[in-house]
Amino acid sequence: MIKDMKKILYMFLAAAMIALTSCKEKDEVQHRIVGEWMYTHEEAGQSIEIYVAFNVNYTFDLYQKVGDGAHRYLTGTYEVDRTIVSGMYSDRTPWASEYSVSFNGTDMVMKSLSAEEYTITYKKARIPDEVKNHSVEMTRSGMSEDFVPCL
């Protein structure tokens with residue numbers, strides 16, 4: 001009987017350790033993802049500039065510009081499940097993918113779980129007031145297929 005009690009106790013402790021590890025990963029990603037981030041890149045002769053703010057209340061603000069013109073502004077909510085981040089735009093359109101999030105020093109690396117080669121590395125950076133004040137507010141469903149947001 002004591003042997004059975006020890007087995008039950010060991011199983012309970014193992015389950016508790018797994019649960020605590022999962023919570024710790026989620027808390028760490030949630031804690032580190034919060035803030036303002038920037039990504040810039042040159043592709044096919046066009047510059048890409050993305051700013052994203054992940055807020056502590058699980059909302060995000062995305063400013064994205066491809067080529068010339070103003071940044072396009074989209075907003076919505078996001079979720080963290082251990083190291084996986086997913087989200088939905090304000091018009092209830094889901095992100096194009098879920099992302100595995102990791103950190104390389106102060107950089108945040110988001111790797112798409114649906115598009116094998118799609119990875120973006122963001123640098124910690126404040127979103128300039130000029131970007132915030134001169135962006136064009138959009139909804140995901142109101143955008144053409146030619147312009148796909150990074151999330």
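On a predicted model such as this, the values are computed, not experimentally measured, just so you know. (Residues numbered from 1 in each chain as written. Predicted model: local features only at pLDDT ≥ 70, side-chain atom pairs only at ≥ 80, totals over all residues. Heavy atoms only, no water.)

Caption draft 1: Summary view of the environment of alanine 115. Positionally, alanine 115 belongs in the loop between β7 (107–112) and β8 (119–124). The spacing of alanine 115 and glutamate 98 is 17 residues in sequence and 9.7 Å in space, taken between C-alpha atoms. (Helix = DSSP H or I, 4+ residues; strand = E, 2+ residues; numbered from the N terminus.)

Caption draft 2: Seen up close, the pairing of β7. For β7, the tally of buried residues reaches 5 of 6 residues, placing the bulk of the element in the interior. Bridging between strand β6 (residues 99–104) and β7 involves 6 bridges; their strand directions are antiparallel. What sits directly across from tyrosine 99, in β7, is serine 112. Linking β6 to β7, which pair antiparallel, is a turn of 2 residues; within it glycine 105 sits at a positive phi near 65°. Judged from the 4 bridges that link them, β7 and β8 form a sheet pairing that is antiparallel. From the neighbouring strand, lysine 111 faces β8, where its bridge partner is threonine 119. In sequence, β7 turns back onto β8 through a hairpin of 6 residues. (Buried < 20%, exposed > 50% of the residue type's maximum accessible area, 1.4 Å probe, protein only. Pairing = 2+ DSSP bridges.)

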